[in-house]
Amino acid sequence: MTTKNITIGQNIRRIRKDFNLRQYEIAGEDVTRNLISLIENDKTPIYHNVANIISVNINRILYERGLDIYIQPEDLLNPERYDARKEANKYIEKLTKRLEEKNYEFQIEELNHIESFLNKWNFIDKKIKIYELLGDIFYNAKDSNREYYYYLKALEISYEHPFMKDRYKIILKLVYNCILTEKFDEAIRLCNFALSTQDNIPDKYKGVFYYNLALGYYNKHEYDRCLEELTKAKYYIEEENYRVLNSILMLEGICHSNIKNFDSALSSFTKLLDVIKANNAPEDICLAYINIIQIHIDTNNREKVLEFKDKVVDYIEKVDKNSFYLPKILNSIANVFHYLGEYEVAEKYLLEALLSSLDHKDTSLFPEIFWQLLKLYEETNSFHKINDIIADVMPIIYNFQINKEFAIILKLIYIYIKQDRPLDATYLIEKLLDKEV
Amino acid sequence: MKKKVLLFLSILTLLLSLSNTVLAGKGVFVPPAPIRESIEDEF
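If you're wondering where the values come from, they're calculated on a predicted model, not measured in any experiment.

Calculation criteria
- Residues numbered from 1 in each chain as written.
- Chains lettered and ligands numbered in written order.
- Predicted model: local features only at pLDDT ≥ 70, side-chain atom pairs only at ≥ 80, totals over all residues.
- Helix = DSSP H or I, 4+ residues; strand = E, 2+ residues; numbered from the N terminus.
- Buried ≥ 20, exposed ≤ 12 C-beta atoms within 10 Å, placed from the backbone.
- Contact = placed C-beta atoms within 7 Å.
- Domains from an automatic or database assignment.
- Core = buried A, V, L, I, M, F, W, Y, C linked by C-beta atoms within 7 Å.
- Axes fitted to C-alpha atoms, helices over the stretch in contact; angles between N-to-C directions.
- Parallel < 35°, antiparallel > 145°, perpendicular 65-115°, else oblique.
- Left-handed = near helix turned anticlockwise from the far one by under 90°.
- Nonpolar A, V, L, I, M, F, W, Y, C, P; charged D, E, K, R; others polar.

Before going further, it helps to spend a moment on the overall build of chain A. For chain A, the helix and strand inventory stands at 23 helices and 0 strands. When the backbone C-alpha atoms are referred to their principal axes, chain A occupies close to 90 × 60 × 35 Å. Counting across all 437 residues of chain A, residues that qualify as buried make up 37%. Intrachain contacts of chain A at a sequence separation of at least 6 include 55% that bridge at least 24 residues.

The next subject is the domain arrangement of chain A. Assigned domains of chain A: these are domain 1 (3–77) and domain 2 (402–437). The straight-line distance from the C-alpha centre of domain 1 of chain A to that of domain 2 of chain A is 69 Å.

Here we take up the nonpolar core. Residues and elements named next belong to chain A. Val175, Ala214, Tyr289, Ile329 and Ile333 are the most contacted members of the largest nonpolar core, which totals 97 residues. Those residues within four positions of Ile333 in sequence are excluded, and the remaining contacts are Ile290, Val312, Ile316 and Tyr349. With 15 residues, the next largest nonpolar core counts Ile12, Ile46, Ile58 and Tyr70 among its residues.

All names here are of chain A. Close contact between helix α12 (residues 203–219) and helix α14 (residues 242–258) brings their axes to 11 Å; oriented N to C, the two are set at 25°. On the basis of their axis angle, the class for α12 and α14 is roughly parallel. Considering the relative orientation of α12 and α14, their crossing is left-handed. Only Val244, Ser247, Ile248, Leu251 and Cys255 of α14 make contact with α12, whose side of the interface consists of Gly207, Val208, Tyr211, Ala214, Leu215 and Tyr218. Across the contact of α12 with α14, the residue classes break down as 9 nonpolar, 2 polar and no charged.

And the structure:
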């Protein structure tokens, strides 16, 4: 049946049959089955309020059947619109295929085309799905700005869908993005929002939300709050849930160490090693050891640092080159050699860490590692070595965000250079750096 | 010329000072990553 020769009544019958519904089901309690029959046979006109009642009934049944489909009253009243829903399905298929084929390149026209299609028809369920898929694609393409943009759009539109299932999954993806892009307050807000408003979150996901919440507080250096949230996370996470439990214990250990509670820190890591060894995961063992060494650096226990150092170096070889953690592990091991006074080895690891941070999802890595490298060059009086890597790092430095206050500082330094007053410039920089560090 | 190089590096250092930093001699921890997966079986 094509749109051109279809009436509203026929359209309603078509939708009903597409979802295998009976007339009495879509009539519900507010209209009669007889009225539905008259409407479908075009013997009586349908008004918007009746279309609204029918769509509510359809959506309730589809929700009970576990289908994430949302039929709007306009879909009933406009046959052309219902056909366009099938077009939307084609977009969804195409985007899903892109994800499967790892084809993440988009022309701006293609994105504009999708946006204008969605804006023309405003299919709420399809919009949510398509924006979430676009978020997934940009997540895989490591384009965190666009990833955030599309997940946020999906989340916003989801509030127009009263039967929306699994909204918490979109929120979780946004939380992940916010933590990696250092929007910690927003990550915390989103976690709290999900935990307090979404009543269909399964326990294992609740545990994950509490864990991410703890990670948000950790990054804000609010270690007590972090530990509180980790306690809640543990309540929801079963012992067999290795991956989450591993992350919880690791964060707990680091947190204790940050508040100088070293015994508790080592106790968390001992529990962690028990969990990890049972699962024999080299990367996780490497991470645990490397964090344990950092505790010994904090307590200035050189013997223990030396004892664990060789173990970690062996395990680093076993870490996957594409591992999320690799730049951080290399940065951390560089710190070990720095502590031991082996500056050349520290530099080697920092340079490796810097290179592997260039194309990483975690945007905070590059500045952190580059900072460590500059500190090392400053300490060893070897700033000239920066020339070897400057070409690789300048494109990233050019993209650093500069706010008004920072622009003023740069402007002052610029003026001092122009006036050939290097001492004033140096004094200003030292003064500001002292304040920061 | 030397002065200019020194200034350039000082500016770089200043830029980086805005990031979260850790002094040498202190532990540089590797915190676990956030968790995002929506595939239920992953958990």
